Protein chains: 2
Amino acid sequence: MKSLYFHKELSLREVPMPRRAPGEALIKVLMAGICGTDREILKGYSEFQGIPGHEFVGRVAECDTSKWMGKRVVGEINLACGHCSWCAKGLGRHCPTRTVMGIVNRPGAFAEYVTLPEANLHRVPDEVSDQSAVFTEPVAAACEILEQMTITPGTRMAVIGDGRLGLLVVQVLKQAGADVTLIGRHASKLDLAKTWGVRVLCEGAQELAASSFPITVDATGSPRGLGEALRLAEPRGTVVMKSTFHGAANLDATKLVVDEVTLLGSRCGLFAPALDLLRGRRVTVESLITRTFPLNQGLEAFAYLNQNSVLKVLLDMR
Amino acid sequence: MKSLYFHKELSLREVPMPRRAPGEALIKVLMAGICGTDREILKGYSEFQGIPGHEFVGRVAECDTSKWMGKRVVGEINLACGHCSWCAKGLGRHCPTRTVMGIVNRPGAFAEYVTLPEANLHRVPDEVSDQSAVFTEPVAAACEILEQMTITPGTRMAVIGDGRLGLLVVQVLKQAGADVTLIGRHASKLDLAKTWGVRVLCEGAQELAASSFPITVDATGSPRGLGEALRLAEPRGTVVMKSTFHGAANLDATKLVVDEVTLLGSRCGLFAPALDLLRGRRVTVESLITRTFPLNQGLEAFAYLNQNSVLKVLLDMR
């Protein structure tokens, strides 16, 4: 089958069809999304080698139980052992021996087919298009903030970063009742967020006062964005680190301790609440798609993504 | 009056007696303790200039209300405005216009006399000696962890750093029911902690497994200690930053996000629970005193503190 394969560099490669283990489904990939983590992987993140890709929608082609056959699905990306204390707590996404599709020791979805345990699958409701369903994983990651903390209605929150993830995070927080300000650098992206009723602020145009938000979110995946999120956090406030970045975070230790700030790492979320949001059209995702490439133009898709004003780039395997 | 005064360098200096404002008490300092923050101030922390010192016990010499006259007291170090939203929440120690005795724009206790608002004072119970009472502020700082999070009995916690603060933190956590491991570098300090029933571990002798504690506390005030506290924290665990250090914390951003670790800055605490612990002898403090100097040997006291195995150094103004 055709795939994008990373080994020192990304290439289009013919690889054998994956074989599913018992309990797993073989899934024909319909569409896949390229994410910031994929770009980090190309820079060496998690020392991944193989087929990247963890945002996808597909159709089950083979499986053990009839209930999944032919169904349109998305899949949770962490493959947990199912037996350890983390799995027992329902936190398989922190299972210490987990693999992660397209990120840690497990082939991903930038291919014609992928395998995943049936336990990881979620059926996609008919109302949700392929183009929307492919956002389930990043919307779930945005929803994870709501799993980790209680947002009371009207809570003032600042989100730093108007990229793909930031634009999902502001929508998820807004529908949870927060009073959201998005801080970004790109007029077109900020304009889009404005149409959702989000307050926006162009970085540089106006400096926000330090210590002015009870909760801030870094969605830039850069030390600069994280530093700004910390600067804007009130005493006893919370800074959510929503983006993975490879390397060291250089933080103002004095501010963290003196203002008793809580820094909260936040990663993958549950798919069910994300699918609910997509079904109810309570988050807008299709307008975030800048361009769709066929799989065999996958290298071009990655190159295209490096352009500044690009939002979501999809691969189409249909 | 005699004082230790910091302006570019620390010196013994004759200064005018402080004048108390209405609502304030003039306090004859009996004893004062030298803390890590004082040493940071001498390196430029908070750009403080004047008389440092914020750990003290004294006797009220002048005040407005008779109830305090002649009483032996300790004093909360944050001087809040009393009117803002932080003060209204009982969080005057985060009041944005606060001064902090001996740290931010307010003379401290390394002198014969100091002034503080009566509202900041706490009477020292007769059972508590001067030598114990002088530990109220650092014991309160250790207790602050219990204000910020719930420690369920048996919770496994690692404290990094066997210095003055670390030795108070382990005692406070232990009496709160935690199962505490102290990780340090000094055999004599670890031996002392062992007598309190704390599990101890000499750094370097044995490496602890990564991600092995649900809660860790950095009490070293160094990037190295904070890094170790993060390394030892479980997924979804909490790292408490208990020490102020001047500068940037270089943290493993990937670990923070992927393991969804919470980093919790922790500073000053309330005096009442600390005095309760001291009165009930539920924390041992007098055995932490390595040496006591008269005020006019204050420079020698600071020099002495630079020795490695030294724990608490006190100044005696009685």
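Residues numbered from 1 in each chain as written. Chains lettered and ligands numbered in written order. Predicted model: local features only at pLDDT ≥ 70, side-chain atom pairs only at ≥ 80, totals over all residues. Heavy atoms only, no water.

1. Focus on unusual backbone geometry
Consideration 1: With a phi close to 70°, K8 of chain A is a non-glycine residue in the positive phi region.
Consideration 2: Counting through the fold element by element, K8 of chain A comes out in the loop between β1 (2-7) and β2 (9-14). (Helix = DSSP H or I, 4+ residues; strand = E, 2+ residues; numbered from the N terminus.)

2. A word on helix α9 (residues 271-279) of chain A
All names here are of chain A.
Consideration 1: Turning to α9, its buried residues number three or more, namely F271, A274, L275, L277 and L278. The arc that holds every buried residue of α9, seen down its axis, measures 160°, which confines them to one face.
Consideration 2: Against the buried residues of α9 lie β5 (72-75), β9 (121-123), α3 (130-133), α4 (136-148) and α5 (164-175). (Buried < 20%, exposed > 50% of the residue type's maximum accessible area, 1.4 Å probe, protein only. Arc of directions from axis to C-beta. Contact = heavy atoms within 4.5 Å.)

3. Focus on the relation of the copies chain A and chain B
Consideration 1: Here chain A sits on chain B after a turn of 180° about the axis and a move of 0.0 Å along it, with an RMSD of 0.0 Å. In symmetry terms, the pair is related by a two-fold rotation axis.
Consideration 2: Both copies contact each other with a shared surface, as 100% of the interface residues of chain A are interface residues in chain B too. (Least-squares fit on C-alpha atoms with pLDDT ≥ 70 in both.)

4. Here we look at the confidence of the model for chain A
Consideration 1: Summing up the model confidence of chain A, the mean pLDDT is 94 and the portion of residues at 70 or higher is 100%.
Consideration 2: For this predicted complex, the interface confidence comes out at an ipTM of 0.86, alongside a pTM of 0.89. (pLDDT = per-residue confidence, 0-100.)

5. Topic: empty space enclosed by the protein
All names here are of chain A.
Consideration 1: Applying the stated criterion to the full structure yields one cavity of 30 Å³ or more.
Consideration 2: Here the largest cavity is characterised by a volume of approximately 30 Å³.
Consideration 3: Along its surface, the largest cavity is lined by E76, I77, N78, E137, C268, G269 and F271.
Consideration 4: Looking at the lining of the largest cavity residue by residue, the classes come out as three nonpolar, two polar and two charged. (1 Å grid on protein atoms, 1.4 Å probe; cavity = no way out; pocket = protein on both sides within 12 Å on 5 of 7 lines; lining within 4 Å. Points joined across faces, edges and corners; volume = space filled by probe spheres on them. Nonpolar A, V, L, I, M, F, W, Y, C, P; charged D, E, K, R; others polar.)

6. What about the interface of chain A and chain B?
Consideration 1: Facing the 37 residues of chain A at the interface are 37 residues of chain B.
Consideration 2: Taking both sides of the interface into account, the surface hidden between chain A and chain B amounts to around 3100 Å²; carbon and sulfur atoms contribute 55%.
Consideration 3: Area buried by chain A at its contact with chain B is led by R236, V257 and E260 of chain A, which between them contribute 20% of it.
Consideration 4: Across the chain A-chain B interface, the total number found is two salt bridges.
Consideration 5: The partner of R236 of chain A in a salt bridge is E144 of chain B, and the shortest N-O contact between them spans 2.7 Å.
Consideration 6: At the level of secondary structure, the elements contributing two or more residues to the side of chain A that touches chain B comprise α4, β14 (233-241), β15 (248-252), α8 (253-258) and β16 (262-265) of chain A.
Consideration 7: Split into classes, the residues belonging to the side of chain A that touches chain B amount to 17 nonpolar, eleven polar and nine charged.
Consideration 8: Both β16 of chain A and strand β16 (residues 262-265) of chain B contribute to a ladder of three bridges, which runs antiparallel. Within β16 of chain B, the position partnered with T262 of chain A by the bridge is L264 of chain B. (Buried area = accessible area lost by both parts, 1.4 Å probe. Salt bridge = Lys/Arg side-chain N within 4 Å of Asp/Glu carboxyl O. Pairing = 2+ DSSP bridges.)

7. Regarding the packing of α4 of chain A against α5 of chain A
Residues and elements named next belong to chain A.
Consideration 1: Running from N to C, α4 and α5 point in directions that differ by 45°, and their axes come no closer than 9 Å. Considering the angle they form, α4 stands oblique to α5. α5 is crossed by α4, and the crossing has right-handed handedness. Here P138, V139, A142, C143, I145 and L146 of α4 come into contact with α5, specifically with L165, L168, V169, V172, L173 and Q175.
Consideration 2: For the contact of α4 with α5, the per-class residue count stands at eleven nonpolar, one polar and no charged. (Axes fitted to C-alpha atoms, helices over the stretch in contact; angles between N-to-C directions. Parallel < 35°, antiparallel > 145°, perpendicular 65-115°, else oblique. Left-handed = near helix turned anticlockwise from the far one by under 90°.)

8. Describing the domain arrangement of chain A
All names here are of chain A.
Consideration 1: Looking at chain A, the domain boundaries give domain 1 (2-135 + 285-316) and domain 2 (139-265).
Consideration 2: Computed from C-alpha coordinates alone, the two centres of domain 1 and domain 2 are separated by 27 Å.
Consideration 3: Facing the 19 residues of domain 1 at the interface are 14 residues of domain 2.
Consideration 4: Area buried by domain 1 at its contact with domain 2 is led by Y45, L288 and L311, which between them contribute 35% of it. (Domains from an automatic or database assignment.)

9. Structural notes on the environment of K8 of chain B
Consideration 1: Residue classification places K8 of chain B among the exposed residues on the basis of a relative accessible area of 74%.
Consideration 2: Here the alpha-carbon distance between K8 of chain B and A205 of chain B, two residues 197 residues apart in the chain, equals 40 Å.

10. Concerning the side chain of E137 of chain A
Consideration 1: If you trace the backbone, E137 of chain A turns up in helix α4.
Consideration 2: The contact partners of E137 of chain A, leaving out residues within four places of it in the chain, are H54, E55, I77, C268 and F271 of chain A.

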